[in-house]
Amino acid sequence: MADLKISEDQPRAFTRRDLIKGVIAAGAVSSAAYLFRGATVRAQPSAAGSVERLVTLNVNGQQRRVDVMKQETLAMTLRYKLGLTGTKLGCDRSECGACTVLIDDVPHYSCSILTHTVRGRQIVSIEGLAAADGTLHPVQQGVIDEQGFQCAFCMPGFVMATVGFLKTNPSPTREQLAHGISGNLCRCQDYDKILTAMMRGAENMRSS
Ligand code: FES
Ligand code: FES
C-alpha cells in the first residue's frame, strides 16, 4: 500500500501523446507569432536614419519584393536575390560596365548603386529586353546577326549600354556609338566586331 501511495503522489508520466500535443501547440504559437510579426514591425516607427530592409523594386516590369541590406548594390540584388544572372559582375567598382542596366531608360553601373535608392524606379536588365513571345530585342538580334563577341561575358553590359544610348540617338554614326558605349570594356578586346554588332542592332531597331 505504501508503494501505491508514493506512485499516486508523483506527477503523471509524460507520454508520447503529450509530446505530440506539445509540439503542435508550440508550432501553432510560433506560426501565429510569425504571421503577426510583419504587422508589429510595420506598426513601429523607423529609427531616424534607418533604411527599411524589405523593399519593392520594379524590375523588368514586375514588382519584386526583396529583403536588402543597406550596403547592398543593385548588381548583388539582381544576381543573388532575384536570380537575374544576365547582369555580370566584372570589376565591381565602376570600371568595366559588365553590370550595366537601365534605370528609367538611362544606363547605369548596377555594381555602384545601392539597391534601396532605386525604389520606385524602372529597372531593366538584359532579361527584360526580349518580348514576351521570346522575340529578341533588335540589339540582341544584332549580336546574333554579326556574331560580335568572343566569350560574351561583356555582352549584356554592351547591349544594355547600346539600348540606352539608342534611346537618345537612334541613328548614330559608328564614331558616335563608339563614344556612347565607351564606358564598357571587353577583356577579349573584340571592340571592332562588337561595334559592328551594335551598329547592326541600331539598324534593326530603325527597321523594326
Ligand atoms: S562590374 Fe560594374 S562596372 Fe564593372
Ligand atoms: S567578348 Fe569576352 S569579355 Fe568581351
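Cut-offs used in this document
Residues numbered from 1 in each chain as written. Chains lettered and ligands numbered in written order. Predicted model: local features only at pLDDT ≥ 70, side-chain atom pairs only at ≥ 80, totals over all residues. Heavy atoms only, no water. Helix = DSSP H or I, 4+ residues; strand = E, 2+ residues; numbered from the N terminus. Contact = heavy atoms within 4.5 Å. Buried < 20%, exposed > 50% of the residue type's maximum accessible area, 1.4 Å probe, protein only. 1 Å grid on protein atoms, 1.4 Å probe; cavity = no way out; pocket = protein on both sides within 12 Å on 5 of 7 lines; lining within 4 Å. Points joined across faces, edges and corners; volume = space filled by probe spheres on them. Nonpolar A, V, L, I, M, F, W, Y, C, P; charged D, E, K, R; others polar. Pairing = 2+ DSSP bridges. Core = buried A, V, L, I, M, F, W, Y, C linked by side-chain atoms within 4.5 Å. Salt bridge = Lys/Arg side-chain N within 4 Å of Asp/Glu carboxyl O. Axes fitted to C-alpha atoms, helices over the stretch in contact; angles between N-to-C directions.

Visitor: Would you take a moment to explain the environment of Cys-186 for this structure?
Guide: Inspection of the secondary structure assignment puts Cys-186 in the loop between helix 6 (174-180) and helix 7 (191-207). Here the alpha-carbon distance between Cys-186 and Gly-97, two residues 89 residues apart in the chain, equals 9.0 Å. What Cys-186 contacts, discounting residues up to four positions off in sequence, is Cys-154, Phe-158, Tyr-191 and Ile-194.

Visitor: How do you make sense of the environment of Cys-188 when you look at a structure like this?
Guide: Note that Cys-188 resides in the loop between helix 6 and helix 7. We classify Cys-188 as partly exposed; its relative accessible area is 26%. Dropping the residues within four chain positions of it, Cys-188 is found in contact with Gln-150 and Cys-151.

Visitor: I keep staring at the layout of surface pockets and nothing clicks. Help me out?
Guide: A probe matching the size of a water molecule, rolled over the atoms, marks out where space remains unfilled. By volume, the second largest pocket is sized at about 200 Å³. Looking at the second largest pocket, it is lined by 13 residues, and the ones nearest its centre are Thr-100, Val-106, Pro-107, Ala-161 and Gly-180. Looking at the lining of the second largest pocket element by element, the count peaks at four residues for helix 5 (residues 155-168). Along the lines of polarity and charge, the residues of the lining of the second largest pocket split into six nonpolar, six polar and one charged.

Visitor: In this structure, what is going on with the pairing of strand 4 (residues 106-109)? I would like to understand it.
Guide: Side-chain positions along a regular strand alternate between the two faces of the sheet. Two elements, strand 3 (residues 100-103) and strand 4, share four bridges in a ladder whose sense is antiparallel. Bridge pairing in strand 4 places Thr-100 opposite Tyr-109. Adjacent in sequence and paired antiparallel, strand 3 and strand 4 are bridged by two residues, among which Asp-104 carries a positive phi angle near 50 degrees.

Visitor: Sorry, what's going on with the nonpolar core here?
Guide: Grouped burial of nonpolar side chains is what soluble globular proteins tend to show. The biggest cluster of nonpolar side chains holds 22 residues, and the ones touching the most others in it are Phe-149, Phe-158, Val-159, Ile-181, Ile-194 and Met-198. Secondary-structure elements contributing two or more residues to this core are helix 4 (138-146), helix 5 and helix 7. The element contributing the most residues to this core is helix 5, with seven residues. Leu-57, Val-68, Leu-74 and Leu-78 belong to the second largest nonpolar core, which has 14 residues in total.

Visitor: How should I be thinking about the pairing of strand 3 in this particular structure?
Guide: Here strand 3 shows two buried faces, one formed by Thr-100 and Leu-102 and the other by Val-101 and Ile-103. The sheet contact formed by strand 3 and strand 5 (residues 122-124) spans two bridges and is antiparallel. Bridging from a neighbouring strand, Ile-103 pairs with Ile-123 of strand 5.

Visitor: I'm lost on the pattern of salt bridges in this one. Help?
Guide: Where charged atoms of side chains with opposite charge meet at close range, the side chains can pair. Scanning the model with the defined rule gives eight salt bridges in all. The salt bridge partner of Arg-93 is Glu-95, with a shortest N-O separation of 3.5 Å. We classify Arg-93 as exposed; its relative accessible area is 59%. Judged by its relative accessible area of 43%, Glu-95 falls in the partly exposed class. Several salt bridges converge on common partners, so that one network encompasses Asp-145, Glu-146 and Arg-200.

Visitor: I keep staring at the side chain of Thr-73 and nothing clicks. Help me out?
Guide: Within the fold, Thr-73 resides in the loop between strand 2 (62-67) and helix 3 (74-81). Filtering out sequence-adjacent residues up to four positions away, Thr-73 remains in contact with Ser-110, Cys-111, Ile-113, Leu-114 and Thr-115.

Visitor: Looking at this structure, how should I read the sheet that holds strand 1 (residues 54-59)?
Guide: Strands belonging to one sheet form pairs held by backbone hydrogen bonds; the direction of such a pair is parallel or antiparallel. Across the sheet, which stays open at both edges, the five strands sit in the order 2-1-5-3-4 with mixed pairing between neighbours. Here the strands that pair on one side only, and so sit at the sheet edges, are strand 2 and strand 4. Looking at each pair of strands side by side, their axes are set apart by 40 degrees on average, direction ignored. Examined bridge by bridge, strand 1 and strand 5 share two bridges and lie parallel to one another. The residue bridging Asn-58 from the neighbouring strand is Gln-122, located in strand 5. Against the sheet, helix 5 touches strand 3, strand 4 and strand 5, its axis set at about 35 degrees to strand 3.

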